[in-house]
Amino acid sequence: LAFGMLVLATANVLLAILAFVALVTIAGAIVSTMVVFGFTLGVNESLGLVICVGLAVDYTVHLAHSYNESEASGHLPRARQASRMRLLKTQYALTEMGVSIVGGAVTTLSSGAILVFFCKLLFFKRFGSLIFMTILCSLFISMLYLVSLLFTLGPLGNAGRIKVALRWAYVKMGGKSGAVLRWLA
């Protein structure tokens, strides 16, 4: 389900794969941190994990979408080398989204810290801990790991774009696939 939403959000299969790898890494880091801190997997923790996956996808989607839209914005100079173009696209994504991501992380970490340190009820302490762990892991993994993946393996040009693949299929079928795909022509 998360991969499908990433494909829809980015409209690029290759970019969705990279973002999904980062998302799986975030989920693994959260569960590992829960084990280290001695959490048992009960109803409350399971509910918190479901919510945390939704929180974890936020930063990765924003960075991936910004990377994907960097060429369309017209702000990037043309680069002949793929590594130079990936560098420019990654810098653009960090410039456009980096400050907003860090600002959002700081405010969410603050709310999680308030729940952890000032609540007396165990449910809210645990939930605050999960929020805190999720945002911290998501921030570091998306800003370091995902950015590194984008810099080294990020798609360039039309690579992985869904619309290009659909247009190719439409042409191969001789343009006879009906009105549903006519917007691609």
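See the structure printed just above.
Residues numbered from 1 in each chain as written. Predicted model: local features only at pLDDT ≥ 70, side-chain atom pairs only at ≥ 80, totals over all residues. Heavy atoms only, no water.

### Observations regarding the overall build of the protein chain
Then step 1. Helices and strands together make up the secondary structure of the protein chain, namely six helices and zero strands.
Then step 2. Helices and strands appear in the protein chain in the N-to-C order α-α-α-α-α-α.
Then step 3. A separation of at least 24 residues holds for 69% of the contacts in the protein chain among residues at least 6 apart in sequence.
Then step 4. Counting only carbon and sulfur atoms, one obtains 71% of the accessible surface of the protein chain, whose full area is about 10500 Å². (Helix = DSSP H or I, 4+ residues; strand = E, 2+ residues; numbered from the N terminus. Contact = heavy atoms within 4.5 Å. Areas by Shrake-Rupley, 256 points an atom, 1.4 Å probe, with all protein chains shown as cover.)

### Concerning the packing of helix α2 (residues 13–36) against helix α5 (residues 122–153)
What describes two packed helices is the angle between their axes and the distance between those same axes.
Then step 1. Running from N to C, α2 and α5 point in directions that differ by 145 degrees, and their axes come no closer than 9 Å. The element α2 and its partner α5 pack so that their crossing is right-handed. Contact residues: α2 offers Leu15, Leu18, Ala19, Val21, Ala22, Thr25, Ile26, Ala29, Ile30, Thr33 and Met34, while α5 offers Leu130, Met133, Thr134, Cys137, Ser138, Ile141, Tyr145, Leu146, Leu149, Leu150 and Leu153.
Then step 2. In terms of residue class, the contact of α2 with α5 is made up of 18 nonpolar, four polar and no charged. (Axes fitted to C-alpha atoms, helices over the stretch in contact; angles between N-to-C directions. Left-handed = near helix turned anticlockwise from the far one by under 90°. Nonpolar A, V, L, I, M, F, W, Y, C, P; charged D, E, K, R; others polar.)

### Details of the pattern of salt bridges
Then step 1. Applying the stated rule across the entire model yields one salt bridge.
Then step 2. Taking the shortest distance from any N to any O, the salt bridge between Arg126 and Glu45 comes out at 2.7 Å. Within this pair, whereas Arg126 is found in helix α5, its partner Glu45 is found in helix α3 (residues 43–69), the two being separated by 81 residues in sequence. (Salt bridge = Lys/Arg side-chain N within 4 Å of Asp/Glu carboxyl O.)

### Description of the packing of α3 against α5
Then step 1. α5 packs onto α3 with a crossing angle of 25 degrees between their chain directions and a minimal axis gap of 9 Å. One finds that α3 runs roughly parallel with respect to α5. Handedness of the crossing formed by α3 with α5: right-handed.
Then step 2. Across the contact of α3 with α5, the residue classes break down as 18 nonpolar, six polar and two charged. (Parallel < 35°, antiparallel > 145°, perpendicular 65-115°, else oblique.)

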